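# Understanding the architecture of this molecule
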Amino acid sequence: MQIQEPPPRNEAGEFTTPFEWMGGEVRVHALAERFYDLMDLEPGYRELRATHGSTLDGARQKLFWFLCGWLGGPQHYVERFGHPRLRMRHMPFAIGILERDQWLACMDQAMGDVGVDPALRERLRQSFFQTADWMRNTP
Ligand code: HEM
């Protein structure tokens, strides 16, 4: 039988990174999957979905790799593609307030669906806002 290592915690008993708090790769993967499933399914994210191509497969994979590193876990994205330069990589897509808010709502719904700890969810909601707002490139 394989013995599972408990997630690393500091002396105060707190998780050392949001990645560990989230529950590691399995949970981050579930979050990225749910995010894109919702984007595909929910009429409220229609405009956000429309900025993407016909398939979301590449985006799913890349968001999962990116989020692992962004949350303080393995740097899968950087190892493959170098520095994320997210604002630059989003320049081909028109991102205004509507797209930003749909992205944030979709991510928040996904966090709820996969059961992210409410305290972590609140923190991430703020961090995602900073990142998504900085991605705006259209009035
Ligand atoms: C603000 C609204 C946003 C819109 C409309 C948007 C839209 C898109 C689109 C259309 C793609 C291309 C997908 C593909 O390759 O098929 C993409 C890629 C990506 N997005 Fe976003 N995005 C937004 C915000 C964010 C945020 C806040 C993050 C991170 C927290 C993020 C992370 C990524 C990553 C990592 C990729 C892959 C980049 C690459 O290597 O090509 N996006 N996004």
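Anyway, here's the lowdown on the structure attached to this text.

Conventions we followed
- Residues numbered from 1 in each chain as written.
- Predicted model: local features only at pLDDT ≥ 70, side-chain atom pairs only at ≥ 80, totals over all residues.
- Heavy atoms only, no water.
- Helix = DSSP H or I, 4+ residues; strand = E, 2+ residues; numbered from the N terminus.
- Rg over C-alpha atoms; globule rule 2.2 N^0.38 Å.
- Buried < 20%, exposed > 50% of the residue type's maximum accessible area, 1.4 Å probe, protein only.
- Donors = N, O, S within 2.8 Å, 3.2 Å for Na, K, Ca; no water.
- Near = heavy atom within 4 Å.
- Polar contact = N/O pair within 3.5 Å; in protein donor to acceptor, adjacent residues only side chain to side chain.
- Core = buried A, V, L, I, M, F, W, Y, C linked by side-chain atoms within 4.5 Å.
- Axes fitted to C-alpha atoms, helices over the stretch in contact; angles between N-to-C directions.
- Parallel < 35°, antiparallel > 145°, perpendicular 65-115°, else oblique.
- Left-handed = near helix turned anticlockwise from the far one by under 90°.
- Contact = heavy atoms within 4.5 Å.
- Nonpolar A, V, L, I, M, F, W, Y, C, P; charged D, E, K, R; others polar.
- Phe/Tyr/Trp six-rings, centres within 6.5 Å; stacked < 30°, edge-to-face > 60°.
- Lys NZ or Arg CZ within 6 Å of the ring centre and 35° of its normal.

## A short note on the overall build of the protein chain
When helices and strands are tallied, the protein chain shows 8 helices and 0 strands. Listed N to C, the secondary structure of the protein chain is α-α-α-α-α-α-α-α in terms of helices and strands. Expected size for 139 residues packed as a compact globule is a radius of gyration near 14 Å; at 16 Å, the protein chain falls within 12% of this value. Across its three principal directions, the C-alpha atoms of the protein chain cover 50 × 30 × 30 Å. Every one of the 139 residues in the protein chain was classed for burial, and the buried ones make up 36%.

## A word on the coordination of the iron atom of the ligand
What the protein offers the iron atom of the ligand as a donor is a single atom, His90 (NE2), at 2.0 Å. Within the element layout of this structure, His90 appears in the loop between helix 6 (86–89) and helix 7 (97–113).

## Some thoughts on the site of the ligand
Lining the immediate surroundings of the ligand are 20 residues, of which Lys62, Tyr77, His90, Trp103 and Met135 lie closest. Between the ligand and Lys62, the relevant distance is 3.2 Å, taken from an oxygen atom to a side-chain nitrogen or oxygen of the residue. Tyr77 is positioned such that a nitrogen or oxygen atom in its side chain is 2.4 Å from an oxygen atom of the ligand. When contributions to the shell around the ligand are tallied by element, the ones reaching two or more residues are helix 3 (46–51), helix 4 (57–70), helix 6, helix 7 and helix 8 (118–134). Ranked by residue count, the leading element in the shell around the ligand is helix 4, at 4 residues.

## What to know about the nonpolar core
Residues Phe35, Leu67 and Met107 are the most contacted members of the largest nonpolar core, which totals 35 residues. At the level of elements, helix 1 (18–22), helix 2 (24–41), helix 4, helix 7 and helix 8 are the ones that each hand at least two residues to this core. Per-element accounting of this core gives the leading share, 7 residues, to helix 2.

## As for the packing of helix 2 against helix 4
A packed helix pair is summarised by two numbers, namely the angle formed by the two axes and the spacing between the axes. Between helix 2 and helix 4, whose axes approach to 9 Å, the crossing angle comes to 140°. The angle between the axes of helix 2 and helix 4 places the two elements in the oblique class. Crossing hand, helix 2 versus helix 4: right-handed. Mapping the contact onto sequence places Glu25, Val28, His29, Leu31, Ala32, Glu33, Phe35, Tyr36 and Asp37 in helix 2 and Ala59, Arg60, Leu63, Phe64, Leu67 and Cys68 in helix 4. Here the residues of the contact of helix 2 with helix 4 are counted per class, giving 10 nonpolar, 1 polar and 4 charged.

## Observations concerning the packing of aromatic side chains
Counting across every chain of the model gives 8 aromatic pairs. Measuring from centroid to centroid gives 6.1 Å for Trp65 and Phe81, while their planes differ by 50°, and the two rings are tilted. In this pair, Trp65 is assigned in helix 4 and Phe81 in helix 5 (residues 76–81), connecting sequence segments 16 residues apart. The exposure class of Trp65 is buried, given its relative accessible area of 17%. Residue class for Phe81 comes out partly exposed when judged on its relative accessible area of 32%. Between Tyr77 and Phe81 the ring centres are 4.8 Å apart and the planes differ by 50°, which places this aromatic pair in the tilted class. Of this pair, Tyr77 and Phe81 both sit in helix 5, separated by 4 residues, roughly a single helical turn. Here the aromatic cluster, defined as three or more aromatic residues joined through ring pairs, consists of Phe35, Tyr36, Trp65, Phe66, Trp70, Tyr77, Phe81, Trp103 and Phe128. One residue, Arg9, lies across the ring of Phe15, its end atom 4.1 Å from the ring centre.

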